[in-house]
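# Summary of structural features
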Amino acid sequence: MAGFNFKLIKNPLSKENPITVQVLGICSSLAVTAKLQPAVVMAISVTVVVAFSNLIISYLRNTIPPRIRIIVQLVIVSLLVILVDQVLKAFVYDVSKQLSVFVGLIITNCIVMGRLEAFAMSNKPFDSFLDGIGNGLGYAVILITLGVIRELFGSGSLWGYQIIPDSFYEMGYQNNSLMIMPPMALILVGIIIWVHRARNKDLCEK
Amino acid sequence: MQEIINIFVKSIFIDNMIFAFFLGMCSYLAVSKTVKTSMGLGIAVVFVLLITVPLNYIIDNYLLKEGALAWISPKFATIDLSYLSFIIFIAVIAAMVQLVEMFVEKTSPVLYAQLGIFLPLIAVNCAILGASLFMQERQYNNVGEVTAFALGSGIGWLLAIVGIAAIREKLRYSQIPTPLKGLGITFIITGLMAIAFMSFLGIKL
């Protein structure tokens, strides 16, 4: 355990953010963010799976034959996802129903496979674990931002509690129901990427 | 028959893999730079979906579901193996992709040259696993319906990726603010396409 490499956690939060810069794991991030609660649960599940699969694969990295590594990785990841799924079903059944197939889809979440291939296969276990946590948190930041914006403007509430007071509605305020529809998630991610790159000029594409 | 056509049309336009569920976004964004390659990947996805989803349906119905093992012996009727479905589905997909790759390599070198590089990518494409999981959740009645669903989802995905690739080819010549170039504008255009696809909502045959 040679030193606690803080960079591994800090970098994925902004400069190497898995969603906006590495373009990984978009599949699930859009579908679960119509409300804040499922977004948070999903973010925690993904962080757990990425961190522990990174750790396990990193321990095994010298014994896995390169030709069949994808299958080995898939088996380990799906094992962890089954555990997460069973825990969610046991403790937060409502949310697990809302997430439906997207818990299972953590297996093919590109963040997990991408980090396994790019980091865990060539680094020490503890570093890989930190890298997993960092990338999970980077994913969580985007998910929670999207969840807050979409739930606040789409349903006028946060975490199920009403935020926008009734007097607003009486004055003619309307919830923007496009916010909870799928297309708006895509457009919002586009805007987040725009803002993020405008502030970090070196990330712009030519 | 009508039910099958209904499922087919519905899974292309209304429950479109990309525009309604965002499945397979990673390869959708990475491979949609030119129409030709995106066509190759799209066809490979249709192909693999058509094989894996009905196969997973059969496995789910005769091995995993609660009571599915009753055909072996009535004693097994209470066994519920559905918690194993993730691992079994992904194993079937990974194995089938490998098999398809070897089969195509042996039988049709031309097709292999076009699809070859995409096939390994497909094992980790969320659209494939997603289709199997949706199949499990939506409880279709027979293999025919499941096949229609698989074919429809595949074609829907193909339509989406070829559409965005065609738009991105044109976009290269337009003036876009630098931070929005590439990824950002692709997201926003996909969003606009998704709004267009929403107009199919409510179509029923």
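Anything mentioned here points back to the structure above.
The structure reproduced in this document is the subject of the present report. These figures come from a predicted structure and were not determined experimentally.

## A word on the overall build of chain A
Within chain A, the regular secondary structure consists of 10 helices and two strands. The secondary structure elements of chain A, listed N-terminal to C-terminal, are α-α-α-α-α-α-α-α-β-β-α-α. The globule rule puts the C-alpha radius of gyration for 206 residues at 17 Å, and the 18 Å found for chain A is close to it. Across the 206 residues of chain A, 50% fall into the buried class. When the accessible surface of chain A is split by element, carbon and sulfur atoms take 66% of a total near 9700 Å². Distance between charge centroids for chain A: 10 Å, based on 16 positive and 11 negative side chains.

## Here we look at the interface of chain B and chain A
Listed as interface residues are 40 residues of chain B and, on the opposing side, 41 residues of chain A. Together chain B and chain A conceal approximately 3500 Å² of surface at their shared face, both sides included; 84% is due to carbon and sulfur atoms. Counting the surface chain B buries against chain A, the share from its top three residues, F22, F86 and P179 of chain B, is 20%. The interface formed by chain B and chain A holds zero salt bridges in total. Our count for the chain B to chain A interface comes out at zero residue pairs in polar contact (both at pLDDT 80 or more).

## As for the packing of aromatic side chains
Residues and elements named next belong to chain B. The final tally for this structure, using the stated rule, is nine aromatic pairs over all chains. Measuring from ring centre to ring centre gives 5.3 Å for Y140 and F149, while their planes differ by 35 degrees; the resulting arrangement is tilted. Taking the relative accessible area as the measure of exposure, Y140 reaches 15% and is therefore buried. We classify F149 as buried; its relative accessible area is 2%. Aromatic rings pair up to connect F13, F19, F197 and F200 into one cluster. Lying across the ring of F134, R138 places its NZ or CZ 4.5 Å from the centre.

## Description of the nonpolar core
Counting 116 residues, the largest nonpolar core has L30 of chain A together with M25, Y28 and F187 of chain B as the members making the most contacts within it. Excluding its chain neighbours within four sequence positions, the residues that come into contact with L30 of chain A are L146, R150, A185, L186 and V189 of chain A together with F22, M25 and F187 of chain B.

## Re the environment of L49 of chain B
All names here are of chain B. In this structure, L49 sits in helix α3 (residues 35–64). Take L49: its relative accessible area is 1%, and that puts it in the buried class. Here the alpha-carbon distance between L49 and I4, two residues 45 residues apart in the chain, equals 17 Å. If sequence neighbours within four positions are ignored, L49 has contacts with P54, A127, I128, A131, A150, S153 and G154.

## With respect to unusual backbone geometry
Even without being a glycine, F22 of chain B presents a positive backbone phi close to 55 degrees. Inspection of the secondary structure puts F22 of chain B in the loop between α1 (2–14) and α2 (25–30).

## Remarks on the side chain of T190 of chain B
By the element assignment, T190 of chain B lies in helix α9 (residues 183–198). Reaching out from T190 of chain B, the side chain makes a polar contact with the backbone oxygen of T186 of chain B at a distance of 2.6 Å.

## Topic: the environment of Q136 of chain B
Residue and element names in this part refer to chain B. In this fold, Q136 is placed in helix α7 (residues 126–138). Since its relative accessible area comes to 21%, Q136 is described here as partly exposed. In this structure, the C-alpha to C-alpha distance between Q136 and V146, residues 10 residues apart in sequence, is 9.9 Å. Aside from chain neighbours lying at most four places away, what touches Q136 is D60, S85 and F89.

## Details of the side chain of N17 of chain A
Residue and element names in this part refer to chain A. Mapped onto the elements, N17 comes out in the loop between α1 (7–10) and α2 (26–31). Only 3.3 Å separates the side chain of N17 from the backbone oxygen of G138, close enough to count as a polar contact. Not counting residues within four places of it along the chain, the set of residues in contact with N17 comprises N11, P12, Q22, G138 and I142.

Parameters and conventions
Residues numbered from 1 in each chain as written. Chains lettered and ligands numbered in written order. Predicted model: local features only at pLDDT ≥ 70, side-chain atom pairs only at ≥ 80, totals over all residues. Heavy atoms only, no water. Helix = DSSP H or I, 4+ residues; strand = E, 2+ residues; numbered from the N terminus. Rg over C-alpha atoms; globule rule 2.2 N^0.38 Å. Buried < 20%, exposed > 50% of the residue type's maximum accessible area, 1.4 Å probe, protein only. Areas by Shrake-Rupley, 256 points an atom, 1.4 Å probe, with all protein chains shown as cover. Lys, Arg positive; Asp, Glu negative; His and termini not counted. Charge placed at Lys NZ, Arg CZ, Asp CG, Glu CD. Contact = heavy atoms within 4.5 Å. Buried area = accessible area lost by both parts, 1.4 Å probe. Salt bridge = Lys/Arg side-chain N within 4 Å of Asp/Glu carboxyl O. Polar contact = N/O pair within 3.5 Å; in protein donor to acceptor, adjacent residues only side chain to side chain. Phe/Tyr/Trp six-rings, centres within 6.5 Å; stacked < 30°, edge-to-face > 60°. Lys NZ or Arg CZ within 6 Å of the ring centre and 35° of its normal. Core = buried A, V, L, I, M, F, W, Y, C linked by side-chain atoms within 4.5 Å.

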